[in-house]
Amino acid sequence: MEQGITLLIIRTPFQAWFVEQILKKERIERFDIIYITQNNSEEDRYYYSRLISKARNGSYAFVKQQKFDVLNTIFLRIRLRSWYKAESYNKIIYASIPALVPNSLVANFPTSELITFDDGAANIVASDEYYIESRSRKYLLYRYLLGGLSLKDIKSRINRHYTLYSDFENIVENERLRYLDGWSNRKVTKGKAKTYFIGSPFEEVMNQEQIVRLENYVKELKIDFYINHPRERKMLSIGAEVLNKQGRIAEEAIVSNAENSPIILIGWFSTVMLNMEALCESRIVLLPKECPQTPELFELSKKAGCTPILF
């Protein structure tokens, strides 16, 4: 393999958008791309097409969600087997450091410079897997069989980490952090605000009773547009128009739709809430009272300048 090639490992549309910004900052022109998805969403295909048009080589690895997690790992490892045989990469850029198969792929290239970046809100939530590695026997066995690195070891390899969240601690110390501005340059004119409800895969963070309570609460609010999440299996029935994102991540779609109008966001504590701080008139975070994560997310919401509300 010729020298000076960068490998991009991407797992979400947001990561794909983020990588585009890093490529500009790092002035990288020659790269290969692996895009891993279990959703095969319109957003996944849109951002992969944007990147592959500029890439040297690429692979769109769609592996359907399996009933048993071990099958997801096995099928993905088989799907990406040819990538483990590459001779060398000058740099590797990726975000999902706990993910077993991408982790093992990084371990397969021990001399590559490692550049990481935010995978959304998980990077600043201290109780998340980006800070506390699973000690389950199953996880440790999978990691061993795949030849992956421990969380501590992979963090030690990080040369620099790109983030949008300058006011928060991250997975590496400040000396290795690099900051991006995101969407902070948008111009806003006075006028009637547009209100957007940010959908999420609510079933991953709430039980059914909490989801019903959330739905009933949001129904009473004036929502202009519903922004569905790529992993959202069942959208809430709140009577709002679903915004056609045209394959774009929520941030890009909202900015385009709002034009120069003030923006109000309502939803669960999420990446979108953090990323759009400079663009919004207000950001309201809705948290279930009894959820174990609520106290931590309540404080993080306040620190981020959002208005947390318990329901």
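Scope of this entry: the structure provided in the associated data block. (Residues numbered from 1 in each chain as written. Predicted model: local features only at pLDDT ≥ 70, side-chain atom pairs only at ≥ 80, totals over all residues. Heavy atoms only, no water.)

## Things to note about the layout of surface pockets
Over the atoms a probe the size of a water molecule is rolled, and this reveals where empty space is left.
Then, in step 1: Estimated volume of the second largest pocket: approximately 300 Å³.
Then, in step 2: As for the second largest pocket, its lining consists of 20 residues, of which Leu164, Tyr165, Leu274, Asn275 and Glu277 are closest to the centre.
Then, in step 3: Considering only residue class, the lining of the second largest pocket consists of eleven nonpolar, four polar and five charged. (1 Å grid on protein atoms, 1.4 Å probe; cavity = no way out; pocket = protein on both sides within 12 Å on 5 of 7 lines; lining within 4 Å. Points joined across faces, edges and corners; volume = space filled by probe spheres on them. Nonpolar A, V, L, I, M, F, W, Y, C, P; charged D, E, K, R; others polar.)

## A word on the side chain of Gln15
Then, in step 1: Locating Gln15 in the fold gives a position in helix α1 (residues 13-26).
Then, in step 2: In contact with Gln15, not counting residues within four places along its chain, are Ile9, Ile10, Ala95, Ser96, Phe117 and Asp119. (Helix = DSSP H or I, 4+ residues; strand = E, 2+ residues; numbered from the N terminus. Contact = heavy atoms within 4.5 Å.)

## Quick notes on the packing of aromatic side chains
Then, in step 1: What the rule picks out here adds up to twelve aromatic pairs.
Then, in step 2: Seen from their ring centres, Phe18 and Phe117 are 5.1 Å apart, and the 45° between their planes marks the pair as tilted. Taken together, the residues Phe18 in helix α1 and Phe117 in strand β5 (residues 113-117) connect sequence positions 99 residues apart. Each member of the pair, Phe18 together with Phe117, is buried.
Then, in step 3: Measuring from ring centre to ring centre gives 5.8 Å for Tyr196 and Phe225, while their planes differ by 20°; the resulting arrangement is stacked. Pair noted here: Tyr196 is in strand β8 (residues 194-198) and Phe225 is in strand β9 (residues 225-227), with a separation of 29 residues, a long-range link. Residues Tyr196 and Phe225 agree in their burial class; the two are buried.
Then, in step 4: One aromatic cluster is present, formed by Phe14, Trp17, Phe18 and Phe117 through successive ring pairs.
Then, in step 5: Above the face of the Tyr84 ring, Arg77 is positioned so that its terminal group lies 3.6 Å from the ring centre. (Phe/Tyr/Trp six-rings, centres within 6.5 Å; stacked < 30°, edge-to-face > 60°. Buried < 20%, exposed > 50% of the residue type's maximum accessible area, 1.4 Å probe, protein only. Lys NZ or Arg CZ within 6 Å of the ring centre and 35° of its normal.)

## A few points about the pattern of salt bridges
Then, in step 1: Evaluated as defined, the whole model comprises 14 salt bridges.
Then, in step 2: Between Arg50 and Glu20 there is a salt bridge, and its shortest N-O distance comes to 2.5 Å. Taken together, the positions of Arg50 in helix α2 (residues 42-52) and Glu20 in helix α1 put the pair 30 residues apart, joining distant regions of the chain.
Then, in step 3: Accessibility expressed as a relative area gives 23% for Arg50, which makes it partly exposed.
Then, in step 4: Salt bridges sharing common partners tie together Glu26, Lys91, Glu113 and Arg160. (Salt bridge = Lys/Arg side-chain N within 4 Å of Asp/Glu carboxyl O.)

## Topic: the pairing of strand β3 (residues 57-62)
Then, in step 1: One ladder, built from six bridges, connects strand β2 (residues 31-37) with β3; its direction is parallel. Paired with Ile33 across the bridge in β3 is Gly58.
Then, in step 2: For the crossover from β2 across α2 to β3, the handedness is right-handed. (Pairing = 2+ DSSP bridges. Right-handed = clockwise from strand over helix to strand, strands pointing away.)

## Describing the sheet that holds β5
Then, in step 1: On the basis of which strands lie adjacent, the open sheet formed by seven strands has the order β3-β2-β1-β4-β5-β6-β7 and parallel pairing. Whereas interior strands pair on both sides, the edge strands pair on one side only; in this sheet they are β3 and β7 (177-179). Sheet twist, expressed as the average angle between the axes of neighbouring strands with direction ignored, equals 15°. (Axes fitted to C-alpha atoms, helices over the stretch in contact; angles between N-to-C directions.)

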